[in-house]
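# Secondary and tertiary structure notes
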Amino acid sequence: MSDQKTVSVAKRPSARKRRFYKMGPDFRVGGGSGFWVEDESILPPYGVSRLPASTPHVPYVFDKSVGSLPYDLELCYDWWLISDRTKAVFETLDPDAFVFVPCDVRMPHACYDGPNYWLCDVVRVLDALDESQSRLRIGIRDDTCYRDYGRKYYSFLPDAKLVFREATIGNAHIFRMAHRDSAFICDQDLKDACKSAGLKRIRFQDVLKL
């Protein structure tokens, strides 16, 4: 009877998939807003979703007697209002993804001595969604009130799941979704960098369980 040997073959670890998050202001915290654009005529007209780098300095009023002052990332129309330290994280990790416009801040009853703030736009848009693996509603916009009238759009269900093609994303750390312009998607590296910098009031939602 011949001896039989059992050979154990170690499994090669599979490549770890990148994790992605829907990113934006965390509206679950904070009270009423104590900041606003003083002269909206500075901003691009309605229908222009991208923020031109040539936009003049944006005049902002910060008034803590009305509500809370801005955290590190706030919503401003189609864009973000961000602090200096948020800008530093974004520029370090993925400078090509953003446009920044300085804000001129004033307070009604005092001199402003806080951090600089910037209007920020994520200008990278990627059509990277794997629709066959995702769970969401896909339609053609038939309401003329929307900017994307006649075009494909995405709508997130309460149990939405988004799966992205990593080859399309490449080295990008953040982008807007094609067909869902208001959805900002970032990867684990950007999330970790924001956490390490101590940035406040930013929400990260795992795209696999929105």
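Please refer to the structure higher up on the page.
These remarks concern the structure in this document. (Residues numbered from 1 in each chain as written. Predicted model: local features only at pLDDT ≥ 70, side-chain atom pairs only at ≥ 80, totals over all residues. Heavy atoms only, no water.)

## Points about the overall build of the protein
Defined as follows: For helices the rule is a DSSP run of H or I covering at least 4 residues; for strands it is a run of E covering at least 2, with both sets numbered from the N terminus onward. The atom set for the radius of gyration is the C-alpha atoms, and the globule formula is 2.2 Å times the number of residues raised to the power 0.38. A simple rule labels every residue: compare its accessible area, found with a 1.4 Å probe on the protein chains alone, to the largest value its type can have, and call it buried under 20%, exposed over 50%, or partly exposed in between. Throughout, a contact is declared for two residues whenever any of their heavy atoms are within 4.5 Å. We get accessible surface area from the Shrake-Rupley algorithm with a probe of 1.4 Å; when it comes to residues, only the shown protein chains can shield them. Charge convention: Lys and Arg are scored as positive, Asp and Glu as negative, and His as well as the terminal groups of each chain are ignored. By convention, the charge on Lys lies at NZ, on Arg at CZ, on Asp at CG and on Glu at CD.
When you go through the protein residue by residue, the secondary structure sums to three helices and 13 strands. Taken over the C-alpha trace, the protein has a radius of gyration of 22 Å; the compact-globule value for 210 residues is 17 Å, which it surpasses by more than 25%. With the C-alpha coordinates aligned to their principal axes, the bounding extent of the protein is approximately 95 × 45 × 30 Å. Burial status across the protein gives 42% buried among its 210 residues. When contacts within the protein are restricted to residue pairs at least 6 apart in sequence, those whose partners lie at least 24 apart make up 71%. Split by element, the accessible area of the protein, about 12500 Å² in all, is 50% carbon and sulfur. In the protein, which carries 31 positive and 29 negative side-chain charges, the distance between the mean positions of the two groups comes to 8 Å.

## Describing the nonpolar core
The following threshold applies: We define the nonpolar core as a collection of buried residues of types Ala, Val, Leu, Ile, Met, Phe, Trp, Tyr and Cys that are connected through side-chain atoms lying within 4.5 Å of one another.
Within the largest apolar cluster, 21 residues are counted, with the highest numbers of intra-cluster contacts made by Met23, Trp80, Phe90 and Ile174. Put simply, the parts of the chain that give this core at least two residues each are strand S1 (20-25), strand S5 (79-83), helix H1 (84-93), strand S6 (98-106), strand S7 (117-122), strand S12 (180-187), helix H3 (188-196) and strand S13 (202-206). Of all the elements, S7 adds the most residues to this core, at three residues. The residues contacting Met23, other than those within four sequence positions of it, are Leu73, Trp80, Phe90, Ile174, Phe184, Cys186, Leu190, Cys194, Ile202, Arg203 and Phe204.

## Description of the packing of aromatic side chains
Worth spelling out the cut-off: Note on aromatic contacts: the rings of Phe and Tyr and the six-membered ring of Trp form a pair at centre separations within 6.5 Å, being stacked when their planes are under 30 degrees apart, edge-to-face when over 60 apart, and tilted otherwise. The criterion for a charge sitting over a ring is simple: Lys NZ or Arg CZ within 6 Å of the ring centre, and within 35 degrees of the ring normal.
Throughout the structure, instances matching the rule amount to 12 aromatic pairs. An angle of 90 degrees between the planes, with centres 5.4 Å apart, marks the rings of Phe62 and Tyr112 as edge-to-face. Of the two residues, Phe62 is situated in strand S3 (residues 58-62) and Tyr112 in the loop between S6 and S7; the sequence distance between them amounts to 50 residues. Phe62 sits in the buried class, given a relative accessible area of 1%. The exposure class assigned to Tyr112 is partly exposed, which follows from its relative accessible area of 23%. Within the aromatic cluster, the residues linked to one another by ring pairs are Phe35, Tyr60, Phe62, Tyr112 and Tyr117. Across the ring face of Phe156, the terminal group of Arg180 is positioned such that the distance to the ring centre comes to 4.4 Å.

## Thoughts on the sheet that holds S1
Definition in use: We treat two strands as partners when DSSP finds at least two bridges between them.
With respect to topology, five strands assemble into an open sheet ordered S8-S11-S12-S1-S13, the strand pairing being mixed. The outermost strands of the open sheet, each flanked by one partner alone, are strand S8 (125-126) and S13. Pairing of S8 with strand S11 (residues 174-177), which is carried by two bridges, proceeds in the parallel orientation. Looking at S11, one finds that Leu126 is bridged to Met177.

## Brief notes about unusual backbone geometry
Of note, Tyr77 is a non-glycine position whose phi angle comes to about 60 degrees, a positive value. Tracing the sequence through the fold places Tyr77 in the loop between strand S4 (73-76) and S5. Residue His179 is not a glycine yet carries a positive backbone phi of 75 degrees. Within the element layout of this structure, His179 appears in the loop between S11 and S12. Here His179 falls in the partly exposed class, since its relative accessible area comes to 29%.

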